[in-house]
Amino acid sequence: MPAKDDAHTTRGRNAAATPGSSDPFSRSDQPTPSGSFGPTESTGSTCSSERPNHSSLSSASIPDLTDELASARDVMVDRDLAGRDITDQTVLDAMRRVRRDLFIPESVRVYAYDDTPLRIGCGQTISQPYVVAFMTQTLGITPGMRVLEIGTGSGYQTAVLVELGAEVFTIERHDDLSLAAEHVLDRLGYGDRVTMRVDDGTLGWPEEAPFDRILVTAAGPKVPSRLTDQLADGGRLLIPVGEHRGRQDLVLVTKIGDTFSQESILPVSFVPLVGADGF
């Protein structure tokens, strides 16, 4: 997720992470009401345990999608997304194309298309599919948009943004997660549309600003002004805002000229946003 005190590494690619726990589910991360992200807060750049590991992508060929997983993916899109309030067909199509099973460890792959978060290593999780779809739909991504993502995590959300035609700049605070995400996204052909940095995500990426959209995948105590300053005219920023371990709201900020409007979309529960303008 976001934030890092020292490293300022920039890569020309992105990719995903992977877990290391026998329990694939993060029950503390269940949605309020729609889903959330990983469990533990960290300020380090590398992981001392639960390191990401995508052994299935180390071979020359990408593993085929099994009939069972393909069926589960269709159920996820039709029941958990379209069956709720995801109505943007481009988002539904992107969610059907991106293989979530490749962004998680083999040990939990059987759960790949369940509508639940899963551990990806470094004390973090891949988000519930509904949350990914909801946040993507709320932002209204169109081809050619420049999108800043704060919290690369597994790289799954990154891939969905690229599928919608966005050019993605993504910041991750855990170097191990960023390396794993870089590997997966590269292998799946998304790398040319993604640029990654390991850094403090609360500071944004001023050298690449302005951005048409900014997506923050962790909850901060307030909307960071350094992120709103990097929005283009007509731009949107989506961020969970609230207490460290208490109530949070998904907040949509829209910039029109020099004016910013702010709207609370729904209550959520996210991992804390760590950094200079976070917790």
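Predicted model only: the values in this text are computed from it and were never measured. (Residues numbered from 1 in each chain as written. Predicted model: local features only at pLDDT ≥ 70, side-chain atom pairs only at ≥ 80, totals over all residues. Heavy atoms only, no water.)

1. A look at helix 3 (residues 129–139)
Here's step 1: Within helix 3, eleven of the eleven residues are buried, which leaves the element mostly enclosed by the surrounding structure.
Here's step 2: Listed in full, the buried residues belonging to helix 3 are Pro 129, Tyr 130, Val 131, Val 132, Ala 133, Phe 134, Met 135, Thr 136, Gln 137, Thr 138 and Leu 139.
Here's step 3: Gly 140 sits one or two positions beyond helix 3 and adopts a positive phi of about 65 degrees. (Buried < 20%, exposed > 50% of the residue type's maximum accessible area, 1.4 Å probe, protein only. Helix = DSSP H or I, 4+ residues; strand = E, 2+ residues; numbered from the N terminus.)

2. What about the nonpolar core?
As a rule of thumb, soluble globular proteins bury nonpolar side chains together.
Here's step 1: Counting 50 residues, the largest nonpolar core has Leu 81, Ile 86, Met 95, Phe 103 and Tyr 156 as the members making the most contacts within it.
Here's step 2: The set of elements that each furnish at least two residues to this core consists of helix 1 (67–81), helix 2 (89–97), strand 2 (118–121), helix 3, helix 4 (156–163), helix 5 (175–187), strand 9 (248–256) and strand 10 (259–268).
Here's step 3: Core analysis: the next-biggest nonpolar cluster, separate from the first, contains 19 residues, Ile 171, Ala 218, Val 223 and Val 271 among them. (Core = buried A, V, L, I, M, F, W, Y, C linked by side-chain atoms within 4.5 Å.)

3. Re the layout of surface pockets
Here's step 1: Empty space within the largest pocket amounts to approximately 150 Å³.
Here's step 2: Along the walls of the largest pocket sit Thr 66, Glu 68, Leu 69, Ala 72, Val 75, Met 76, Arg 79, Asp 80, Val 110, Tyr 113 and Asp 114, which together make up its complete lining.
Here's step 3: The class makeup of the residues in the lining of the largest pocket is six nonpolar, one polar and four charged. (1 Å grid on protein atoms, 1.4 Å probe; cavity = no way out; pocket = protein on both sides within 12 Å on 5 of 7 lines; lining within 4 Å. Points joined across faces, edges and corners; volume = space filled by probe spheres on them. Nonpolar A, V, L, I, M, F, W, Y, C, P; charged D, E, K, R; others polar.)

4. Re the environment of Arg 79
Here's step 1: Mapping Arg 79 onto the fold places it in helix 1.
Here's step 2: Distance in space between the C-alpha atoms of Arg 79 and Asp 115 is 9.8 Å, their sequence separation being 36 residues.

5. Side note on the pairing of strand 4 (residues 146–150)
If a strand is regular, its side chains alternate between the two faces of the sheet.
Here's step 1: For strand 4, a buried count of four out of five residues is recorded, marking the element as mostly surrounded by other parts of the structure.
Here's step 2: For strand 4 and strand 5 (residues 167–172), the ladder comprises five bridges, and the chain directions are parallel. By the bridge assignment, Ile 150 is partnered in strand 5 with Ile 171.
Here's step 3: Of the crossover connections in this fold, the one passing from strand 4 over helix 4 to the parallel strand 5 is right-handed.
Here's step 4: Note: strand 4 against strand 7 (residues 211–216), four bridges, orientation parallel. The residue of strand 7 that forms the bridge with Ile 150 is Val 216. (Pairing = 2+ DSSP bridges. Right-handed = clockwise from strand over helix to strand, strands pointing away.)

6. Digging into the pattern of salt bridges
Where charged atoms from two side chains of opposite charge come close, those side chains can pair.
Here's step 1: Summed over the entire model, instances satisfying the criterion amount to eleven salt bridges.
Here's step 2: One salt bridge connects Asp 80 with Arg 79, and the closest N-O pair in it is separated by 2.9 Å.
Here's step 3: A residue is classified by how much of its surface remains accessible, and Arg 79, at 53% relative accessible area, is exposed.
Here's step 4: Across the pair Asp 249 and Arg 247 runs a salt bridge whose closest N-O atoms are separated by 2.8 Å.
Here's step 5: One salt-bridge network, held together by shared partners, links Asp 74, Asp 78 and Arg 96. (Salt bridge = Lys/Arg side-chain N within 4 Å of Asp/Glu carboxyl O.)

Just distances and angles here, no functional claims.
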